[in-house]
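Observations on the model geometry
Take a look at the letters that make up each chain.
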Amino acid sequence: MLGDFELTIFSDGTYPLDGGAFFGVVPKVMWSKKVTADDRNYVTAGLNSLLIRTGKQTVLVETGMGNKLSERMVKFYRQPAQLLSNLAADGVSPEHIDIVINTHLHFDHCGWNTVRDKNGKIVPTFPRAKYYAPEGEWQYARRPSERDAISYIPDNYDPLVQSGQMTLLKGGEEIVPGISVKTFPGHTAHMQAVLVDGSPGKGRASAVPSAAQKENGALAPAIACYISDLIPTTAHIDIAWGMAFDLYPLQTIESKKQYYAKALPEKWLTVFTHDPKTPWAYVERDEAGKMLARGLSSG
Ligand SMILES: [Zn+2]
């Protein structure tokens, strides 16, 4: 629980990613202390979606890799395609989803936005949902650079934009009370993190807080942030540990500083999109200035 909101992580599975690309200019002697690579230098990356139940709406942040990868891409990434079955195991069917938010439009973040029906037509996976994605990202995706063109699969978003089911965001909008987006450039120019503020009164129209709520700290700010590829895993929390995929690595550093300036003092829960083991944690800085990820204590 985050204030009045209920948050759950659902995974689309894990996939192999080149360790060098995952950690950019960080030498392997350093990153291999945190993450183990196989004999081809692949590490395991997760595909974490965040489900938010506000009491009024069911909101899904990010839709993983999906099931429409080309044969060539399946050779690299294996297409785990587990999100729908993992949602179903918790009683969530595609019809339950009211809102889908994509932080950016790389294929491993919006893959389940759409599926092919039995006639091969691209249709929305979540038929009732309103979809949201950054407008600048969609503009860029229409004419990506040679460097990252492979990361954009138009079937994941173009049919939704054309039908009007996807709304394009400038950045800074509140999508429903308590859930908003904020642009953090670096990985791409227009990637938007999703901020979830479950503080009483923000989302659910909660009445005056009870004495019990006051006592257990329910009045404290309760903020989580799906920070997406700005900080993809707990191994990337150091300011200088960016991915080689980042188009603007110096902006990644600047954006991380901006994020930590709010998230650390306000004790935000950070959600890590590609961490296969720790999907969320509190990021802290110790006395020596070293960044630490503190997991959720059970119970
Ligand atoms: Zn990405």
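Scroll up a little and you will see the structure.
Residues numbered from 1 in each chain as written. Predicted model: local features only at pLDDT ≥ 70, side-chain atom pairs only at ≥ 80, totals over all residues. Heavy atoms only, no water.

Turning our attention to the overall build of the protein. Counting its regular elements, the protein contains eight helices and 15 strands. Here the C-alpha radius of gyration of the protein, 19 Å, is about what a compact globule of 299 residues would show, namely 19 Å. When the backbone C-alpha atoms are referred to their principal axes, the protein occupies close to 60 × 50 × 35 Å. Excluding contacts between residues fewer than 6 apart, the proportion of contacts in the protein whose partners are at least 24 apart in sequence is 70%. When the 31 basic and 32 acidic side-chain charges of the protein are each reduced to a single mean position, those positions are 1 Å apart. (Helix = DSSP H or I, 4+ residues; strand = E, 2+ residues; numbered from the N terminus. Rg over C-alpha atoms; globule rule 2.2 N^0.38 Å. Contact = heavy atoms within 4.5 Å. Lys, Arg positive; Asp, Glu negative; His and termini not counted. Charge placed at Lys NZ, Arg CZ, Asp CG, Glu CD.)

With that settled, consider the packing of aromatic side chains. Geometry of an aromatic ring pair is reported as the spacing of the ring centres plus the angle between the planes. Scanning all chains against the criterion turns up ten aromatic pairs. Members of the aromatic cluster, connected to one another through ring pairs, are Tyr15, Phe76, Tyr77 and Phe107. Looking at Lys34, its charged tip hangs above the ring of Trp241, at a distance of 4.9 Å from the centre. Of note, Lys182 hangs over the ring of Phe184, and the distance from its end group to the ring centre comes to 5.2 Å. (Phe/Tyr/Trp six-rings, centres within 6.5 Å; stacked < 30°, edge-to-face > 60°. Lys NZ or Arg CZ within 6 Å of the ring centre and 35° of its normal.)

Attention now goes to the coordination of the zinc ion. Bound to the zinc ion on the protein side are His104 (NE2), His106 (ND1), His187 (NE2) and Asp229 (OD), at distances that span 2.2 to 2.3 Å. All donors of the zinc ion come from a single chain, and their spacing in sequence reads H-x1-H-x80-H-x41-D. One end of the pair, His104, is in the loop between strand S4 (99-101) and strand S5 (114-116); the other, Asp229, is in the loop between strand S12 (223-226) and helix H8 (249-263), and 125 residues separate them in sequence. This pair shows no difference in class: His104 is buried, exactly as Asp229 is. (Donors = N, O, S within 2.8 Å, 3.2 Å for Na, K, Ca; no water. Buried < 20%, exposed > 50% of the residue type's maximum accessible area, 1.4 Å probe, protein only.)

All right, on to the side chain of His187 then. Looking at the element boundaries, His187 is found in the loop between strand S10 (179-183) and strand S11 (192-197). Residue His187 is classed as buried on the basis of its relative accessible area of 2%. Of note is the side chain of His187, whose polar atom sits 3.0 Å from the side chain of Asp229. Apart from the residues within four sequence positions on either side, His187 is in contact with His104, His106, Asp229, Met243, Phe245, Asp246, Leu247 and Thr252. (Polar contact = N/O pair within 3.5 Å; in protein donor to acceptor, adjacent residues only side chain to side chain.)

Attention now moves to the side chain of Thr270. Checked against the element boundaries, Thr270 lands in strand S13 (residues 269-271). Assessed through its relative accessible area of 1%, Thr270 is described here as buried. Separated by 2.7 Å, the side chains of Thr270 and Tyr259 make a polar contact. Excluding residues that lie within four positions of it along the chain, Thr270 makes contacts with Cys225, Ile227, Tyr259, Pro279, Trp280, Ala281 and Val283.

Taking strand neighbours across the sheet as the criterion, the seven strands line up as S9-S10-S11-S12-S13-S14-S15 in an open arrangement whose pairing is mixed. On the outer flanks of this sheet lie strand S9 (174-176) and strand S15 (291-294), each paired with one strand and no other. Sheet twist, expressed as the mean angle between neighbouring strand axes with direction ignored, is 30 degrees. Relative to S11, S10 runs antiparallel, the two sharing five bridges. Bridge pairing links Ser180 to Leu195 in S11. (Pairing = 2+ DSSP bridges. Axes fitted to C-alpha atoms, helices over the stretch in contact; angles between N-to-C directions.)

This brings us to the nonpolar core. Counting residues in hydrophobic clusters, the biggest one holds 24 residues, and the most contacted among them are Leu7, Leu50, Ile52, Ile179 and Val196. Apart from residues lying up to four places away in sequence, Leu50 is in contact with Leu7, Thr8, Ile9, Val59, Leu60, Val61, Val196, Tyr226, Val271 and Trp280. Formed by 23 residues, the second largest nonpolar core is a distinct cluster that contains Val92, Leu105, Trp138 and Ala141. (Core = buried A, V, L, I, M, F, W, Y, C linked by side-chain atoms within 4.5 Å.)

For the rest of this paragraph, the subject is the sheet that holds strand S7 (residues 130-134). Spatially, six strands are ordered S1-S2-S3-S4-S7-S8 in an open sheet, and the strand pairing comes out mixed. Looking at strand neighbours, the two that pair on one side only are strand S1 (6-18) and strand S8 (166-169), the edges of this open sheet. In this sheet, adjacent strand axes meet at a mean angle of 20 degrees when their direction is disregarded. Pairing analysis gives four bridges linking S7 to S8, with the strands arranged parallel. Residue pairing in the sheet places Tyr132 in a bridge with Thr167 of S8. Running at roughly 75 degrees to S7, helix H5 (residues 135-142) makes contact with S7 and S8 of the sheet.

Despite not being glycine, Ala81 has its phi angle at roughly 55 degrees, a positive value. The residue Ala81 is located in the loop between helix H3 (71-77) and helix H4 (83-89) in this model. What makes Ala81 partly exposed here is its relative accessible area of 25%. One non-glycine residue, Lys267, lies in positive phi territory at about 55 degrees.

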